[in-house]
Amino acid sequence: MARPVKSPGKTPRRTADKTVSNKTVDVADSYAVRLMQHLVVPTFVIDPGRRVVIWNRACERLTGVAASEVIGTSKHWQAFYETRRPCLADLVALDRPERLPEFYSEYAARGHNGLGFSAENWCTMPKLGNQLYLAIDAGPIHDEAGHLIAVVETLRDLTDQKRAEMALKELATKDGLTGLSNRRSFDQMLMSEWARAQRTQKPLALLFVDVDHFKLFNDHHGHQNGDECLRVVASVVSRHAVRPLDLASRYGGEEFALILPDMDCDSACVIAEEIRGAVMALRIAHGAAGAGDHVTLSVGVASHIPGAVDGSPDRLLGAADEALYVAKRLGRNRVICAERVLAEFASLGRQAAAVPGPFRRKSA
């Protein structure tokens, strides 16, 4: 039986349909690539091997890195960081949401259902020589079988908003006159360090620094000079908050506070004496009636290892405050440690009745 002869020039329907389908896919892919290239949103795409396949023009403008420098490579991290580390798209490609906190200050994993990750962080932008705060979204693209074929990462420049947010935060936490941390920051840091000292069972030291006869100084020299005096004293106090967790703050009026974690009373007294001596060395003229020739400081020092029953730092605050009160009672221009209040009075030949009783002006 003779086989049917195919008409010349004609393509079987199935082959023709497949050809049309392939052409449609090619056109769609080509259109998608061109569309992505012209997006105003900085965008790049990596393949499952984490090699860059698309680096659009907006991404070139944002990073200063040309597409020709990264296409076909895994060097896209060099556009954002000085040392090698994964970008958000890499973590999506690797399906490693647990590594988000390692690399990003703010992040969100949008689940394991193919939605990807979102994150924000500062990028060094080595090519441009500046820093940008970028909001980043990265999501996977899968084929019909569910296999990963690409990861798309988009970027938004939030630098101006972030800097404005940081400026507002600084205004909320800084004292406007001296530039030191304000009372609110002091309270928050003291509670935080108190809790940490409870966990580690290490001492937490606190200094209260008060400018002697400051009201007389203001009356004698005027408020403008009084403000300048406070700024100078604040600068001295600030120079002694040298470790990452040390905090110098303006507690209120002419009084300053210094939080010194992991420090006993003897070491804290050394720092207090350095502060007092540094202000004396400046020889800021005072001269008001009832005061000395130069501005001096009184400092109260306390240190304590919080126990399990110490729910708040009130005991530490009270001890440092009482030590400052005693320093004032004993003639000012001196450092008094809370642990040696009785000894200080005894060394001056005072009677026990002259020792001030419990005095609590401050609480957490």
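The notes below deal with the structure included here. As the structure is a computational prediction, the values presented were derived from the model and not from experiment.

### Side note on a nonpolar patch on the surface
Here's step 1: A contiguous nonpolar patch, built from Leu-35, Leu-39, Val-40 and Val-41 and spanning about 350 Å² of accessible area, is present on the exposed surface.
Here's step 2: Tracing the backbone through its elements, the reader meets Val-40 in the loop between α1 (13-37) and β1 (43-46).

### Looking at the state of the cysteines
Here's step 1: Taken as a whole, this structure holds one disulfide when the rule is applied.
Here's step 2: One disulfide bridge connects Cys-265 with Cys-337, the sulfur atoms lying 2.2 Å from each other. One disulfide, between Cys-265 and Cys-337, carries an S-S torsion of 120 degrees and so falls in the right-handed class. Residue Cys-265 is found in helix α10 (residues 265-282), and its partner Cys-337 is found in strand β11 (residues 335-337); the two are separated by 72 residues along the sequence.
Here's step 3: The buried category is assigned to Cys-265, whose relative accessible area is 2%.
Here's step 4: Given the relative accessible area of 2%, Cys-337 is considered buried.

### Quick notes on the sheet that holds β1
Here's step 1: Strand order in the open sheet formed by six strands is β2-β1-β6-β5-β4-β3, with antiparallel pairing between adjacent strands. If you trace the sheet from one side to the other, it starts and ends with β2 (52-55) and β3 (106-109), each paired once. Looking at each pair of strands side by side, their axes are set apart by 20 degrees on average, direction ignored.
Here's step 2: With four bridges connecting them, β3 and strand β4 (residues 117-123) associate as antiparallel partners. The residue of β4 that forms the bridge with Ala-108 is Ser-118.
Here's step 3: Sitting on the sheet, helix α6 (residues 159-173) is in contact with β3, β4, β5 (132-142) and β6 (148-157), with an inclination near 70 degrees to β4.

### Thoughts on the packing of aromatic side chains
Here's step 1: Under the counting rule described, the total for this entry stands at eight aromatic pairs.
Here's step 2: Taking 5.2 Å as the distance between ring centres and 85 degrees as the angle between the ring planes, the aromatic pair formed by Phe-186 and Tyr-251 counts as edge-to-face. Here the residue Phe-186 occupies a position in helix α7 (residues 183-200), and Tyr-251 occupies one in strand β8 (residues 247-252), the gap between them amounting to 65 residues.
Here's step 3: Accessibility expressed as a relative area gives 10% for Tyr-251, which makes it buried.
Here's step 4: Here the aromatic cluster, defined as three or more aromatic residues joined through ring pairs, consists of Phe-44, Trp-55, Phe-80 and Tyr-81.
Here's step 5: Its guanidinium or amino end placed over the ring of Tyr-81, Arg-85 lies 3.9 Å from that ring's centre, counting from NZ or CZ.
Here's step 6: Looking at Arg-85, its charged tip hangs above the ring of Tyr-104, at a distance of 4.8 Å from the centre.

### Points about the sheet that holds strand β7 (residues 204-211)
Here's step 1: In spatial order, the strands read β8-β9-β7-β10-β11; together these five strands make up an open sheet with mixed pairing. One side of each edge strand has no neighbouring strand; the edge strands of this open sheet are β8 and β11. Averaged over all neighbouring strand pairs, the angle between strand axes comes to 20 degrees, with direction disregarded.
Here's step 2: In this sheet, strand β9 (residues 255-261) lies alongside β8 in antiparallel orientation, the contact comprising five bridges. The partner of Ala-248 across the bridge, within β9, is Leu-258.
Here's step 3: On the sheet, helix α11 (residues 314-329) packs against β7, β8, β9, β10 (297-304) and β11 and is oriented at approximately 150 degrees with respect to β10.

### Some words on the side chain of Ser-181
Here's step 1: Structurally, the position occupied by Ser-181 is in the loop between α6 and α7.
Here's step 2: The residues touching Ser-181, leaving out its near neighbours within four places in the chain, are Thr-173, Lys-174, Asp-175, Leu-247, Ala-248, Ser-249 and Arg-250.

### What about the pairing of β7?
Here's step 1: With eight of eight residues buried, β7 lies mostly within the body of the structure.
Here's step 2: By the alternation rule, side chains of β7 split into Leu-204, Leu-206, Phe-208 and Asp-210 and Ala-205, Leu-207, Val-209 and Val-211, which are all buried.
Here's step 3: Both β7 and β9 contribute to a ladder of seven bridges, which runs antiparallel. In the sheet register, Phe-208 faces β9, and the bridge partner there is Ala-257.

What counts as what
- Residues numbered from 1 in each chain as written.
- Predicted model: local features only at pLDDT ≥ 70, side-chain atom pairs only at ≥ 80, totals over all residues.
- Heavy atoms only, no water.
- Patch = residues over 30% accessible without salt bridge, like charges linked within 9 Å, V, L, I, M, F, W, Y side chains within 5 Å.
- Areas by Shrake-Rupley, 256 points an atom, 1.4 Å probe, with all protein chains shown as cover.
- Salt bridge = Lys/Arg side-chain N within 4 Å of Asp/Glu carboxyl O.
- Helix = DSSP H or I, 4+ residues; strand = E, 2+ residues; numbered from the N terminus.
- Disulfide = S-S within 2.5 Å.
- Buried < 20%, exposed > 50% of the residue type's maximum accessible area, 1.4 Å probe, protein only.
- Pairing = 2+ DSSP bridges.
- Axes fitted to C-alpha atoms, helices over the stretch in contact; angles between N-to-C directions.
- Contact = heavy atoms within 4.5 Å.
- Phe/Tyr/Trp six-rings, centres within 6.5 Å; stacked < 30°, edge-to-face > 60°.
- Lys NZ or Arg CZ within 6 Å of the ring centre and 35° of its normal.

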